[in-house]
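# Coordinates in review
Each chain, letter by letter, is given below.
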Amino acid sequence: MIRETYLNALTLGLFVLIPAWALFADEPFTITLMTRAAIFAIAAIGLNIALGIGGLVSLGHAVFFGIGGYAMGILAYHAQTYTALAEWPVLIDGTKSMPIIWLVAVLVSSLAALVIGALSLRTAGVYFIMITLAFGQMFFFFTISWAEYGGEDGLSIYVRNGFPGLNTLAPIQFYGLCFVILCLVLLFTWRLSKSPFGLALNAARQAPVRVETVGLDPTRLKLVAFVISGAITGLAGALFADLNRFVSPTMFSWQTSGEIMIFLILGGVGRLYGPVVGALAFVALEHWLGGLSDYWHIYLGILLLLIVLFGRGGLIGLASGKEAVHD
Amino acid sequence: MTDPVLQTRDICKSFGALRASRNISLDLKVGEIHAIIGPNGAGKTTLIGQICGTLKPDSGAVYLRGEDVTGLATRERAQLGLGRTFQISSLAMEDTVLQNAVLGALGATANPWRFWGDVLKDKDLRTRAEEALHRVGLQDHALTRTAELSHGQRRQLEVAVALTKQPRAFVMDEPMAGMGSEGSKRLTGFLDELRAEAPILLVEHDMDAVFALADRISVLVYGEVIATGTVEEIRADAAVREAYLGEDA
Amino acid sequence: MSFLLLIEQVLNGLQFGIMLFLMAAGLTLIFGVMGLINLAHGSLYMIGAFCAAAVAAATGSFLLGLVAALAGAAAAGALVELVVIRRLYDKDHLDQVLATFALILIFSEGTRWVFGSFPLFLDVPDFLSGPVTLPGGIEYPLYRLTLIVIGLLVALGLYMLISRTRLGIQIRAGENDREMIAALGIDIARLYTIVFALGAALAGLAGALVGAIQSVQVGMGEPVLILAFVVIVIGGIGSIKGALVGAVLVGLTDTLGGIFLPEALKLFLDPSTATSVGSSLASMAIYILMAAVLILRPAGLFGARA
């Protein structure tokens, strides 16, 4: 049994030590894997706010991941082809600047989360799950038929976008950027979970009637949580697109939604570090099991099944011996 | 005599063929405890639902401090000063006792839109919550997880959460249910004092508590108020004896 | 845009909708009786298609293939219910989603492992191939017409099953009051396995029937599953009638939208823009329909709960 706090510190430590080792051992692929893990962790932290704290079982978070990705893809595509994104009513050019891309990714995915959330929150329970899944599929098919931006084939970006003062083409520098964002998002989520909003949202998950009775609107709390959640996952999508220098409708697929949820479940739902541990574990599994067998998803499925049936606390719960989340 | 704090006028509610509320007119005056009694299935829960805003009456109106609140949601009625406790505890079970109480205080501010500061370090909210816990005698359990509380303690916490809002009127749905005689006695004493602060509409099965506390009693049978009066009047009422107390005794 | 084309497209939409109904009926039945959301329903659809394709290829008989699809999917359904699903009834929706998602991974990769990644082909049998001339001189593929008829027969059969048989009484009791059926001395565990296997058989049948006009491949079930969810959201959860109406609405909207939206837009836009914008809009049409239903009737057209 390891105390959860140590386990969390250990996890962050791995995010520092492994890339550091990879840098000295000249293993750029390991750095790329760790970048992938950091980005997945950010995406899953986003979902954790909606699902872990707010209790919203969203199977459509690929929407925000994809929107982040396409925000990057479309802006960078126009920048690399020297075409305007829009000429009317104002001239909008593409950009290769990460901060601007991130801002657009966050804004557009928040907006999408607001619309999808407002519609989906008219219902609850299984309906919510089915509706979020359906909206994910809507974006998937929309991008497939969106010939202007590559349709089914997606968009390739030749050179990774830039960040002031960094050489993002160097794997370790891009990793550092993603890691810093991961830490900031973790800090934000930690503060959020302790904040008045966090308390109210937490209660809205457990006892919505109580929240209503003390004079607050549980649906509005959940909607705001869904928007924050979508924005963070959208940011992760933009980073993921930049990691691969490629976006395609796959980012919107239901499998992507499922995977984001798996990161969260592997680590432990509702725990601050759950998504981080889960994303790291997923990338490790993908790498090792994927190397052993082409059919590694079978093993992933079995592992997931075992966690659901026998160990709800995820890996953190197993290691710390505490199934339930409380502090 | 001032106007009633809480009032229902001719409210009716049917579920299909079942008429759960028939022209119910009740009021709750400053400083009183008004008990609602009646056999199971008499429509007490339906009545409370309409007063608190979880159910909408088919006709009739509910007034809170003179204002027609019939069309308002539960949370809006709460903001106007209606405090409610539930028959089946409705608390955030994974949270601590203190967190539940702080939630009540947060509700009173109507502003949960702060995303950064630690809510438990908010002096104002914390003071209010701790005062309320102290008043119901849960101060030593502030850091206990609500799920670990006994049945009776959860009832006390229900009352404490309602207290944090300093409501103008309380609606309490069987606060004594499942309490031991000791706890029941303590809560009786507490409610006795509380009425001076805000009047209480009390739905209760514990007749000892009702007769000890109530200034007035209304008897609800088959969705209809068959009698309203003081303890003595109700004890003496023939219709009540026949319809209700007779069966019970 | 001729009248004949319109009729043909309406029939196509109807055929698509009826196949969605077979999926949605099973899902909605399983949710209604057991309160379970089953993402792996698409896998059962896939299993039906693969069973049919494999047996039809080995025996040369399409009908034997259909029997294999029904039996295979029902057996897979019963097995999964016994091993995994019954542990999920008491768990929350999140656990159900995760466990059935895990089943998708296992089934999909397992099928890929056994059959490989290349699609299998299931041919329309000779006696059902070719067109048939409908009243009014409309030529329409006999096979698609058969699908419509089979689907409607299944709908009728389900209606009879639920309203007239002992099993149906138990199912209705299970939807209304779970403690009640235990009190009546009904073997709930057995009832649940039967209902799950029945839903699985319907999914398997749909998979096999559609497999003959599309290719049989891993991952074929999930897009249909998600459309079936849209059907349920529109029709109202737990309602077989809602599933039928929702399925036909979705089938028609999808098919007609894909044809008519680009045409309609050509009235306002130049042809190439109209085609691209129209097909984008058409791909979203059913979801817009779903959103509209959510705004007007959040519990679906035939949903019991408001």
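Note that the structure is predicted; figures quoted are calculated from it, not measured.

### Digging into the domain arrangement of chain B
Residue and element names in this part refer to chain B. Taken domain by domain, chain B holds domain 1 (1-81 + 169-249) and domain 2 (93-166). The distance between the C-alpha centroids of domain 1 and domain 2 comes to 26 Å. Tallying the contact residues gives 10 residues for domain 1 and nine residues for domain 2. Among the secondary structure elements, those contributing two or more residues to the side of domain 1 that touches domain 2 are α2 (74-79) and α6 (181-194). For the side of domain 1 that touches domain 2, the element with the most residues is α6, which contributes three residues. Residues belonging to the side of domain 1 that touches domain 2 are distributed by class as follows: five nonpolar, four polar and one charged.

### Here's the deal with the arrangement of the chains
Ranking the two pairs of chains in contact by number of contacts places chains A and C first. When C-alpha atoms are compared, chain B and chain C, though not in contact, are closest at a spacing of 13 Å.

### Some points on the sheet that holds strand β4 (residues 59-64) of chain B
Residue and element names in this part refer to chain B. Pairing is antiparallel across the open sheet formed by four strands, whose spatial order is β2-β1-β4-β5. Of all the strands in the sheet, just β2 (18-28) and β5 (67-68) have a single pairing partner and so form its edges. Inspection of the sheet shows strand β1 (residues 6-15) paired to β2 by seven bridges, in the antiparallel sense. Looking at β2, one finds that Phe15 is bridged to Leu18. Those strands touched by helix α1 (residues 44-52) are β1, β2 and β4, and its axis lies near 60° from that of β2.

### Description of the pairing of strand β7 (residues 169-173) of chain B
Residue and element names in this part refer to chain B. Burial analysis of β7 places five of its five residues in the buried class, which makes it a mostly covered element. By the bridge criterion, four bridges tie strand β6 (residues 82-85) to β7 in an arrangement that is parallel. When the sheet's bridge partners are listed, Gly83 is paired in β7 with Phe170. Across four bridges, the pairing between β7 and strand β8 (residues 200-203) is parallel. If you follow Asp173 over to β8, its bridge partner there is Val203. Of the crossover connections in this fold, the one passing from β7 over α6 to the parallel β8 is right-handed.

### Brief notes about the interface of chain A and chain C
Across the contact, 35 residues belong to chain A and 36 residues belong to chain C. Contributions of two or more residues to the side of chain A that touches chain C are made by α5 (125-144), α10 (254-267) and α12 (296-310) of chain A. When residues in the side of chain A that touches chain C are grouped by element, the largest group, 13 residues, is from α5(A). A class-by-class count of the residues in the side of chain A that touches chain C yields 27 nonpolar, seven polar and one charged.

### Some thoughts on the interface of chain B and chain A
Facing 30 residues of chain B, the contacting portion of chain A comprises 22 residues. Only α2 and α3 (97-109) of chain B provide two or more residues apiece to the side of chain B that touches chain A. In terms of residue count, α3(B) provides more of the side of chain B that touches chain A than any other element does, seven residues in total.

### Digging into unusual backbone geometry
All names here are of chain B. Backbone geometry at Ala110 places phi at a positive 60°, although glycine is not the residue there. In this fold, Ala110 is placed in the loop between α3 and α4 (123-136). Judged by local crowding, Ala110 falls into the partly exposed class, with 14 C-beta atoms found within 10 Å. For Tyr222, which is not glycine, the phi torsion reads 45° and is therefore positive. Here Tyr222 shows up in the loop between β9 (216-221) and β10 (224-229).

### Examining the nonpolar core
If you look at the biggest cluster of nonpolar residues, it comprises 287 residues, and the most contacted ones within it are A:Ile42, A:Ala134 and C:Val230. Formed jointly, this core draws a minimum of three residues from each of two domains, domain 1 (1-81 + 169-249) and domain 2 (93-166) of chain B. Other than its neighbours up to four places away in sequence, A:Ala134 contacts C:Ile226, C:Phe229, C:Val230, C:Val233, C:Tyr287 and C:Met290.

### Topic: the pairing of β4(B)
Within a regular beta strand, the side chains point alternately toward one face of the sheet and then the other, so they alternate between its two faces. All names here are of chain B. Taken together, the five bridges between β1 and β4 define a ladder with antiparallel strand orientation. Bridging from a neighbouring strand, Cys12 pairs with Ser59 of β4. The pairing of β4 with β5 spans two bridges and is antiparallel. Bridging across to β5, Leu64 finds its partner in Glu67. Between the antiparallel neighbours β4 and β5 lie two residues, among them Arg65 with a positive phi of about 50°.

### Describing helix α6 (residues 171-194) of chain A
Residues and elements named next belong to chain A. With 24 residues, α6 extends 35 Å between its outermost C-alpha atoms, agreeing within 8% with the 34 Å of an ideal straight helix rising 1.5 Å per residue. Within α6, burial applies to Pro171, Phe174, Tyr175, Cys178, Phe179, Leu182, Val185, Thr189 and Ser193. Those residues of α6 that are buried lie in contact with α1 (4-24), α2 (28-53), α7 (196-206) and α9 (218-244).

### Focus: the environment of B:Ala162
Residues and elements named next belong to chain B. Structurally, the position occupied by Ala162 is in helix α5 (residues 151-164). Residues Ala162 and Ala78 lie 84 residues apart in sequence; the distance between their C-alpha atoms is 9.6 Å. With residues near it in sequence (within four places) discarded, Ala162 still touches Gly83, Arg84, Thr85, Gly104, Pro167 and Phe170.

### Structural notes on the sheet that holds β8(B)
All names here are of chain B. Taken in spatial order, the six strands of this open sheet run β6-β7-β8-β3-β9-β10, and their pairing is mixed. In the strand order of this sheet, the two ends are held by β6 and β10, each with one partner. For this sheet the average axis-to-axis angle between neighbouring strands, irrespective of direction, equals 15°. As paired strands, strand β3 (residues 33-37) and β8 are joined by four bridges and run parallel to one another.

### Topic: the packing of helix α4 (residues 98-120) of chain A against α5(A)
Packed helix pairs are characterised by how far apart their axes lie and by the angle those axes make with each other. Residues and elements named next belong to chain A. Interaxial distance between α4 and α5 falls to 10 Å at its minimum, and their mutual angle equals 145°. The two elements α4 and α5 meet at a crossing, and its hand is right-handed. Residues Ile116, Leu119 and Ser120 of α4 form the contact with α5, whose own contacting residues are Phe128, Ile131, Thr132 and Phe135. A per-class count over the contact of α4 with α5 returns five nonpolar, two polar and no charged.

### So, the environment of A:Gly278
All names here are of chain A. Along the chain, Gly278 turns up in helix α11 (residues 274-292). Judged by C-beta crowding, with 29 C-beta atoms within 10 Å, Gly278 ranks as buried. For the pair Gly278 and Leu266, spaced 12 residues apart in sequence, the C-alpha separation works out to 4.7 Å. Beyond its immediate stretch of four places on either side in the chain, Gly278 contacts Ala44, Phe263, Leu264, Ile265, Leu266, Gly267, Gly314 and Leu315.

Cut-offs used in this document
- Residues numbered from 1 in each chain as written.
- Chains lettered and ligands numbered in written order.
- Predicted model: local features only at pLDDT ≥ 70, side-chain atom pairs only at ≥ 80, totals over all residues.
- Domains from an automatic or database assignment.
- Contact = placed C-beta atoms within 7 Å.
- Helix = DSSP H or I, 4+ residues; strand = E, 2+ residues; numbered from the N terminus.
- Nonpolar A, V, L, I, M, F, W, Y, C, P; charged D, E, K, R; others polar.
- Pairing = 2+ DSSP bridges.
- Axes fitted to C-alpha atoms, helices over the stretch in contact; angles between N-to-C directions.
- Buried ≥ 20, exposed ≤ 12 C-beta atoms within 10 Å, placed from the backbone.
- Right-handed = clockwise from strand over helix to strand, strands pointing away.
- Core = buried A, V, L, I, M, F, W, Y, C linked by C-beta atoms within 7 Å.
- Expected span 1.5 Å × (residues − 1).
- Left-handed = near helix turned anticlockwise from the far one by under 90°.

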